[in-house]
Structures are given as C-alpha cells and as structure tokens.
Amino acid sequence: MEAILKRPGEPAKVVSLGTTNDIHKLLGGEFEPAPILRGAQVLTLASGDNLVYNTTFLGYRYCGPLLIVGRGENEQIISLSKSIQRLTLNALGEKK
C-alpha cells in the first residue's frame, strides 16, 4: 500500500506500507484518522501533546508526523491513488 509521509522539517515522500503495525512504527505510536478528501484521510498521532509544528495542509495545522493514506469503504485504510499522491505532493510543496 502506498501513502505519503510528512515529518516536521522534512519533505513529503511516498512510502510503502504493509500492515497497521507499519503505520504505528512510522508515526511513533497510536494514531487517529481524519477524512480530508473523498479518497484520502490523514493519520496523526492520537496524543498530539508537545509535538513540533509540521505543516498546514488543506487549511488544517498539523504537528508531529502525518501520514496521508487512501480512504476506502467504511473508512478502511487503502493505498493512496496516484492522482491523489500527485495532488498531495503538490499541495505540500513537493514535486514528483
């Protein structure tokens, strides 16, 4: 499954994931989803206390690492489509 990882102070990049455990490792703990687009959702750390500012994306301010994944039926985490990957990388100031 492909997703976009954006850590504070680093450029956004496409990453490959296999399991929910991979997401826990990338983000550094328990996460919570927030739907952002019809086919995407942002995953952030559930405990956002004392995290460093990361970015403002689609009008929301994010602290700590964020992972943008695909959004399937019943909010299932799926691979992010290529078109949403391009759109997201452009919105985050990255070129692919």
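This text goes with the structure placed above it.
Residues numbered from 1 in each chain as written. Predicted model: local features only at pLDDT ≥ 70, side-chain atom pairs only at ≥ 80, totals over all residues. Heavy atoms only, no water.

Caption draft 1: Here's a closer look at the side chain of Q41. For Q41, the position within the fold is in strand 4 (residues 40–45). From its side chain, Q41 meets the backbone oxygen of G70 in a polar contact 3.4 Å long. Of the polar contacts made by the side chain of Q41, one reaches the backbone oxygen of E75; its length is 3.3 Å. Each residue touching Q41, except ones within four places of it in the same chain, is listed here: P33, A34, P35, I36, L67, I68, V69, G70, R71, E75, Q76 and I77. (Helix = DSSP H or I, 4+ residues; strand = E, 2+ residues; numbered from the N terminus. Polar contact = N/O pair within 3.5 Å; in protein donor to acceptor, adjacent residues only side chain to side chain. Contact = heavy atoms within 4.5 Å.)

Caption draft 2: Region of the structure containing helix 2 (residues 82–91). Here helix 2 has its buried residues at I84, Q85, T88 and L89. Down the axis of helix 2, the smallest arc covering the buried residues is 130 degrees, so these residues share one side. Buried residues along helix 2 sit against strand 1 (2–6), strand 2 (13–16), strand 3 (31–37), strand 4, strand 5 (53–57) and strand 7 (66–71). Looking one or two residues beyond helix 2, the residue adopting positive phi is G93, at roughly 85 degrees. (Buried < 20%, exposed > 50% of the residue type's maximum accessible area, 1.4 Å probe, protein only. Arc of directions from axis to C-beta.)

Caption draft 3: Spotlight on the pairing of strand 2. Where strand 1 and strand 2 come together, four bridges link them in antiparallel fashion. In the sheet register, E2 faces strand 2, and the bridge partner there is S16. Connecting strand 1 to the next strand, strand 2, in antiparallel fashion are six residues, including G9 with a positive phi near 75 degrees. (Pairing = 2+ DSSP bridges.)

Caption draft 4: Focus on the pattern of salt bridges. If you walk through the whole model with that rule in mind, you get two salt bridges. Here E2 makes a salt bridge to K82, at a shortest N to O gap of 2.8 Å. Remark: K82 occurs in helix 2 and E2 occurs in strand 1; sequence separation between them is 80 residues. Under the relative-accessibility criterion, E2 is labelled partly exposed at 23%. The exposure class assigned to K82 is partly exposed, which follows from its relative accessible area of 44%. The closest approach of N and O atoms between R71 and E75, which form a salt bridge, is 2.9 Å. (Salt bridge = Lys/Arg side-chain N within 4 Å of Asp/Glu carboxyl O.)

Caption draft 5: Region of interest: the environment of G70. Tracing the chain through its elements places G70 in strand 7. Owing to a relative accessible area of 0%, G70 belongs among the buried residues under this scheme. Along the chain, G70 and S16 lie 54 residues apart, while their C-alpha atoms are 12 Å from each other. Those residues in contact with G70, other than ones at most four positions away along the chain, are G39, A40, Q41, Q76, I77, I78, S79 and L80.

Caption draft 6: Fine view of unusual backbone geometry. Positive phi is not limited to glycine here, since L58 has a value of about 55 degrees. Residue L58 is classed as partly exposed on the basis of its relative accessible area of 47%. One non-glycine residue with positive phi stands out, namely E75, at about 65 degrees. In this structure, E75 sits in the loop between strand 7 and strand 8 (77–78).

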